[in-house]
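Listed below, chain by chain, are the residues.
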Amino acid sequence: MTVYFIGAGPGAADLITLRGARTLARCPVCLYAGSLVPAELLAECPPDARLVDTAHLDLDAITAEFSRAHEAGQDVARLHSGDPSVFSAVAEQMRRLDALGIPYEVVPGVPAFAAAAAALKRELTVPTVGQTVVLTRVAQEATPMPEGEDLATLGRSGALLVLHLAARYVDRVTAELLPHYGADCPAAVVAHASRPEELILRGTLGTIAAETKAAGITRTAVIMVGRTLGASSFRDSHLYSAARERHTC
């Protein structure tokens, strides 16, 4: 058997990858991350599949489900929201599986920041304006941030920052970034990206905190701060430039 860590995407059920949907449809066991995973996706599981909501399970209980399926020779679809590569807590599950000798694979998914960029209709990397995107969060009730990854340090780069799990701390976020980006720097908050209840806020670093609080956004959102969000006057990329030398086969 194999445990498949599947990125369920940012919210819309049809944003799961084809590989993810096909894998889900053939696994007799599915562990899913509660309401973070679209309920419609569970309908893609086999009719007699064992469905386990892991929202209130600890790591030991989740590992026990893996072991149970392993002993029964049953493949497991482990559904996580977004993409498993960022802020998914799959690393600790993989470590447990390695220790138990249980095989696993990863099926990537559409990450929340990509869905947010699509909602904003923005490319996050714009020629001559910004070519770097930093995905991060803030330390609060969760695991502390490693040394050197605080907002003040990251903000010195001037790169586009995408903050996960930070909407309820928007005042702190803006206060720490203002000295580095300035109050007029474009900023946005996208809540429930790709879902019917999607909410988009556009503003500046000086206004976005008040907008976020007025909208009552505290979770399931990403905060974006950076010049590329408002870029309009920039040079065309080299990729499609008429001056670029073309090679034909």
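Conventions adopted
Residues numbered from 1 in each chain as written. Predicted model: local features only at pLDDT ≥ 70, side-chain atom pairs only at ≥ 80, totals over all residues. Heavy atoms only, no water. Helix = DSSP H or I, 4+ residues; strand = E, 2+ residues; numbered from the N terminus. Buried < 20%, exposed > 50% of the residue type's maximum accessible area, 1.4 Å probe, protein only. Contact = heavy atoms within 4.5 Å. Lys, Arg positive; Asp, Glu negative; His and termini not counted. Charge placed at Lys NZ, Arg CZ, Asp CG, Glu CD. Pairing = 2+ DSSP bridges. Axes fitted to C-alpha atoms, helices over the stretch in contact; angles between N-to-C directions. 1 Å grid on protein atoms, 1.4 Å probe; cavity = no way out; pocket = protein on both sides within 12 Å on 5 of 7 lines; lining within 4 Å. Points joined across faces, edges and corners; volume = space filled by probe spheres on them. Nonpolar A, V, L, I, M, F, W, Y, C, P; charged D, E, K, R; others polar. Salt bridge = Lys/Arg side-chain N within 4 Å of Asp/Glu carboxyl O. Disulfide = S-S within 2.5 Å.

> What should I look at first to understand the overall build of the protein chain in this one?
Within the protein chain, the secondary structure is distributed over eight helices and ten strands. Dimensions of the protein chain, computed from C-alpha atoms along their principal axes, come out at roughly 60 × 55 × 35 Å. The 249 residues of the protein chain split such that 44% are buried. For the protein chain, the proportion of contacts with a sequence separation of at least 24, taken over those separated by at least 6, is 69%. Here the protein chain contributes 22 positive and 27 negative side-chain charges, whose respective centroids are spaced 4 Å apart.

> What is the right way to look at the sheet that holds strand β4 (residues 76-80) in this model?
Note on sheets: strands pair through backbone hydrogen bonds, and any given pair is parallel or antiparallel. Pairing is parallel in the open sheet, where five strands are placed in the order β3-β2-β4-β1-β5. Strands at the two margins of the open sheet, each flanked by one partner only, are β3 (50-53) and β5 (104-107). Strand-to-strand twist in this sheet, taken as the mean axis angle between neighbours without regard to direction, amounts to 20°. Across the sheet, helix α4 (residues 90-100) touches β1 (3-7), β4 and β5, and the angle it forms with β1 is around 170°.

> It is not clear to me how the environment of L31 should be interpreted in this structure. Could you clarify?
By secondary structure assignment, the location of L31 is in strand β2 (residues 29-32). L31 sits 20 residues away from L51 along the chain, and the two C-alpha atoms are 6.1 Å apart. Once residues within four sequence positions are removed from consideration, L31 is found in contact with V52, T54, I62, E65, F66, V76, A77, R78 and L79.

> What exactly am I supposed to notice about empty space enclosed by the protein here?
Any empty space left between the atoms is revealed when a probe the size of a water molecule rolls over them. The tally for this structure, following the rule as stated, stands at one cavity of 30 Å³ or more. In terms of lining residues, the largest cavity is bounded by V129, G130, T132, G158, A159, L160, G226, R227 and T228. Looking at the lining of the largest cavity residue by residue, the classes come out as three nonpolar, five polar and one charged.

> Please clarify how the side chain of T228 should be interpreted in this entry.
Note on placement: T228 falls in the segment after β10 (221-225). Accessibility expressed as a relative area gives 3% for T228, which makes it buried. Excluding residues that lie within four positions of it along the chain, T228 makes contacts with R122, E123, L124, V126, V129, G130 and L160.

> Sorry, what's going on with the pairing of β2 here?
Consecutive residues of a regular strand have side chains that alternate between opposite faces of the sheet. Across the two faces of β2 the burial is the same, with V29 and L31 and C30 and Y32 all buried. Where β2 and β3 come together, four bridges link them in parallel fashion. Paired with V29 across the strands is R50, a residue of β3. Where β2 lies against β4, four bridges are found, and the strand directions are parallel. Bridge assignment links V29 to a residue of β4, and that residue is V76.

> What should I look at first to understand the pattern of salt bridges in this one?
Proximity of charged atoms lets side chains of opposite charge pair with each other. Enumeration according to the criterion identifies six salt bridges in this entry. With its nearest N and O atoms 3.7 Å apart, the salt bridge here joins D75 to R26. On the criterion of sequence distance, the pair formed by D75 in the loop between α3 (59-72) and β4 and R26 in the loop between α1 (18-24) and β2 is long-range, its members being 49 residues apart. A relative accessible area of 46% means that R26 is categorised as partly exposed.

> Please explain the state of the cysteines as it appears in this structure.
Each disulfide consists of a covalent bond between the sulfur atoms of two cysteine residues. Taken as a whole, this structure holds zero disulfides when the rule is applied. There is no disulfide at C27, and the cysteine sulfur nearest it, in C30, is 8.0 Å away. The buried category is assigned to C27, whose relative accessible area is 1%.

The values reported here are purely geometric and, on their own, carry no functional implication.
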